[in-house]
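Listed below, chain by chain, are the residues.
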Amino acid sequence: MSVTEPPASPSDLRALAEQSSAWPFEQAKAIVARLKKKPKDEVLFETGYGPSGLPHIGTFGEVARTTMVRHAFRVLTEDKIKTRLLAFSDDMDGLRKVPDNVPNKELLEQYLGKPLTKVPDPFGTHPSFGAHNNARLRVFLDTFGFDYEFVSSTDYYTSGKFDVTLLKMLERIEKVMAIMLPSLREERAASYSPFLPICPRTGMVLYVPIVAHDVKSGTISYDDPETRERVTLPVTGGHCKLQWKPDWAMRWTALGVDYEMAGKDLIDSVKLSGKICAALDGTPPEGFNYELFLDEQGQKISKSKGNGLTIDEWLRYASPESLSLFMYREPKAAKRLYFDVIPRNVDDYQQFLEGFPRQDGRQQLGNPVWHIHSGHPPKADMPVTFQLLLTLVSSSNAENASTLWGFIGRYRPGVTPESHPKLDAMVGYAINYYRDFVAPTKKFREPTDGERAALQDLRDALANMPAESSAEEIQNVVYEIGRREPFLDPVKKGKDGRPGVSLDWFNMLYQVLLGQEKGPRFGSFVAVYGLANAVAMIDGALARSA
């Protein structure tokens, strides 16, 4: 099939985008409709980050997905409207508990309740714990090349950028309370205030009743819970911060945020914040509620618990592009975010990339790689799959990249680490993944008598094949050897009309020969591994089970 050139002009691309059902375009169309009601010269996208723990992949996912929507919007508007993306950190929040995955926990215990930017860095590398976690997030976002502006809540509160809206919040505090109180339990409602004073005596974020407020002077008053003295503070200049739902609404209003997505667990919060935003004469942003990521046990991943995968862990085992694909897929469906999802996303990314040139313009806009690479995916050039590399490592017990490159070089002459640096990186990923996850769980299954006979026949057939046999020729032989009971599949039919071969045959090969549940196409594996090596591997399995 010939390669289809992308649309020649922004208007052609926009026409295709308007008909696309890819979710970033669906989201971007809502922003376009918003602008028709209330035109603006600039559209502001925002993502939020709570730096109470180390950044996790869910945080990255929000930035990646929002970036995809932002690019889709630029296509739909032919890039005629300026856009910005704010990565907002709630680093003025008080530290509520010590995360499980940090050193020097006893140090942090002394600072519970203080703003994260006033808590010492347990890692000893930054001025505060909030600054450390912010830096970790920024390094990763910069690694991916995201176009964003980082915003610190502490900086915006203390610099006065929120002052006008904070004063409006004070002026309309009764309306805000009327929105919030019905959502609170009776005990909390009795002492609730949208304003949280920062105690001038201790520096802590105080959750205390506000006993008086003065709109004219722009102040609130509370009774110090320890000294019982009445304290009056301005709501401006960083002397107070807001409870997070009013804070979210204040931010939307003050900054004019047009788009922000949030997790499914925040549906009610989005609604309440939207009502408060409207009470402040703001317009709540467009967005959607994405499903949560789950760990191995099906529990929601958490920064403080450190369950699920960290950003650094994914990048130890796979490419950044594979992570972007994971984020693109089905954002409204709950997904397990654990190590076993990595191989599929690595190989699926390559398949999408390889298929892209063969698609017409409309199909290309529905291909994940178009959104991952902002409309300019690179040329596909990956001679082997990740699953095949993993199987090669497993079969050869390779402890270094040179062993794997020996197999690859024989299978694909001329392919070297220098000519294919992305493949060289994938070789390293495969070795790391094998050492950490495959090797510790490797368990060889004993073959039945019937399986031993089939393996012996396969061994003899492979031994008699020419060394230069292709992957397809090897696969045909493997298929024919497996065309016997108990591996026959009467539903599947071969080209000759005879019963086909079930997956049980191929799964048995990997379970008995390699100690793993599944693997890549067996003929392709043998072609890379070598017929002589495959024969020796079968001999070893037969000897183990003798």
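Rules used in this analysis
- Residues numbered from 1 in each chain as written.
- Predicted model: local features only at pLDDT ≥ 70, side-chain atom pairs only at ≥ 80, totals over all residues.
- Heavy atoms only, no water.
- Helix = DSSP H or I, 4+ residues; strand = E, 2+ residues; numbered from the N terminus.
- Buried < 20%, exposed > 50% of the residue type's maximum accessible area, 1.4 Å probe, protein only.
- Contact = heavy atoms within 4.5 Å.
- Areas by Shrake-Rupley, 256 points an atom, 1.4 Å probe, with all protein chains shown as cover.
- Disulfide = S-S within 2.5 Å.
- Phe/Tyr/Trp six-rings, centres within 6.5 Å; stacked < 30°, edge-to-face > 60°.
- Lys NZ or Arg CZ within 6 Å of the ring centre and 35° of its normal.
- Salt bridge = Lys/Arg side-chain N within 4 Å of Asp/Glu carboxyl O.
- Polar contact = N/O pair within 3.5 Å; in protein donor to acceptor, adjacent residues only side chain to side chain.
- Core = buried A, V, L, I, M, F, W, Y, C linked by side-chain atoms within 4.5 Å.
- Axes fitted to C-alpha atoms, helices over the stretch in contact; angles between N-to-C directions.
- Parallel < 35°, antiparallel > 145°, perpendicular 65-115°, else oblique.
- Nonpolar A, V, L, I, M, F, W, Y, C, P; charged D, E, K, R; others polar.
- Pairing = 2+ DSSP bridges.

A. Seen up close, the overall build of the chain. In terms of helices and strands, the chain carries 24 helices and 14 strands. Referenced to the eigenvectors of the C-alpha coordinate spread, the extents of the chain come out at roughly 95 × 60 × 45 Å. In the chain, which comprises 546 residues, the share counted as buried stands at 52%. Considering only contacts in the chain between residues 6 or more positions apart, those separated by 24 or more positions represent 67%. Surface exposure of the chain reaches about 25000 Å², of which carbon and sulfur atoms provide 51%.

B. Geometry of the state of the cysteines. Taken as a whole and judged by the stated rule, the model has zero disulfides. Not engaged in a disulfide, the cysteine Cys240 finds its nearest cysteine sulfur in Cys199; these two sulfurs lie 11 Å apart.

C. Seen up close, the packing of aromatic side chains. On inspection of all chains with the given rule, the structure shows 28 aromatic pairs. Plain terms: the ring middles of Tyr338 and Phe339 are 4.8 Å apart, the flat faces sit at 70° to each other, and that makes the pair edge-to-face. In textbook terms, an aromatic cluster arises when at least three aromatic residues are bridged by ring pairs, as seen for Tyr317, Tyr338, Phe339, Phe386, Tyr433 and Phe437. Directly above the aromatic system of Tyr290 lies the positively charged group of Arg65, at a separation of 5.5 Å from the ring centroid. In this structure, Arg544 packs its charged tip against the face of Phe444, placed 4.0 Å from the ring centre.

D. Region of interest: the pattern of salt bridges. According to the stated counting rule, one finds 36 salt bridges in the structure shown. Of the charged contacts, one joins Arg251 and Glu46 as a salt bridge, the two residues approaching to 3.6 Å between their closest N and O atoms. Here the residue Arg251 occupies a position in helix H10 (residues 244-255), and Glu46 occupies one in strand E1 (residues 42-49), the gap between them amounting to 205 residues. Using a relative accessible area of 3% as the deciding quantity, one classes Arg251 as buried. Ionic pairing is found between Arg70 and Asp147, a salt bridge with its closest N-O pair at 3.2 Å. Taken together, the positions of Arg70 in helix H3 (residues 57-76) and Asp147 in the loop between helix H5 (129-143) and strand E3 (149-152) put the pair 77 residues apart, joining distant regions of the chain. Given a relative accessible area of 8%, Arg70 falls into the buried group. With a relative accessible area of 48%, Asp147 lands in the partly exposed category.

E. A look at the side chain of Asn345. Here Asn345 lies in helix H14 (residues 342-355). In terms of polar contacts, Asn345 uses its side chain to reach the side chain of Arg329, at 3.2 Å. A polar contact of 2.8 Å, which involves the side chain of Asn345, links it to the backbone oxygen of Val341.

F. Representation of the nonpolar core in the model. Residues Phe60, Trp314, Trp505, Leu509, Phe522 and Phe525 are the most contacted members of the largest nonpolar core, which totals 112 residues. With 10 residues, H3 is the single largest residue contributor to this core. When residues no more than four places from it in sequence are discounted, the contact partners of Leu509 are Leu455, Leu458, Val478, Leu514 and Phe522. Within the second largest apolar cluster, 43 residues are counted, among which are Leu170, Met177, Leu184 and Leu280.

G. Structural view of the packing of helix H21 (residues 471-481) against helix H22 (residues 503-513). Interaxial distance between H21 and H22 falls to 10 Å at its minimum, and their mutual angle equals 105°. The orientation of H21 with respect to H22, classified from their angle, is roughly perpendicular. Only Trp505, Phe506 and Leu509 of H22 make contact with H21, whose side of the interface consists of Gln475, Val478, Tyr479 and Ile481. Here the residues of the contact of H21 with H22 are counted per class, giving six nonpolar, one polar and no charged.

H. Layout of the environment of Pro103. Positionally, Pro103 belongs in the loop between strand E2 (82-89) and helix H4 (105-109). For Pro103 and Phe123, which are 20 residues apart along the polypeptide, the C-alpha to C-alpha distance reads 6.6 Å.

I. The pairing of strand E6 (residues 219-223), seen in detail. Taken across its five residues, E6 has four buried, putting it largely inside the fold. The sheet contact formed by strand E5 (residues 212-214) and E6 spans three bridges and is antiparallel. The residue bridging Ala212 from the neighbouring strand is Ser221, located in E6. Relative to strand E7 (residues 230-234), E6 is paired through five bridges, and the arrangement is antiparallel.

J. Region of the structure containing the environment of Pro520. Tracing the chain through its elements places Pro520 in the loop between H22 and helix H23 (522-529). In sequence terms Pro520 and Leu389 are 131 residues apart; their C-alpha atoms lie 9.1 Å from each other. Among all residues touching Pro520, those that are not within four sequence positions of it are Gln387, Leu388, Thr391, Tyr510 and Phe525.

K. Structural context of the sheet that holds E6. Ordered in space as E5-E6-E7, the three strands form an open sheet in which the pairing is antiparallel. Since the sheet does not close on itself, it has two edges, and those belong to E5 and E7, each with one partner. Averaged over all adjacent pairs, the angle separating strand axes in this sheet is 20°, with direction ignored.

L. Seen up close, unusual backbone geometry. Note that the residue after Glu485, namely Pro486, is joined by a cis bond; omega there is 5°. Residue placement: Pro486 occurs in the loop between H21 and strand E13 (488-493). Of note, the phi angle at Glu78 is positive, near 55°, even though the residue is not glycine. Structurally, Glu78 is set in the loop between H3 and E2. Using a relative accessible area of 21% as the deciding quantity, one classes Glu78 as partly exposed. The backbone of Asp281 sits at a positive phi, close to 70°, despite the residue not being glycine.

M. Up close: the sheet that holds E1. If you trace the three strands from one edge of the open sheet to the other, you get E1-E2-E3, paired in parallel fashion. The two strands at the open ends of the sheet, each matched to only one other strand, are E1 and E3. The mean inter-strand angle of the sheet, taken between neighbouring strand axes irrespective of direction, is 30°. Bridging between E1 and E2 involves eight bridges; their strand directions are parallel. Counted as the bridge partner of Leu44 is Arg84 from E2. Along the sheet, H3 makes contact with E1 and E2, crossing E1 at roughly 170°.

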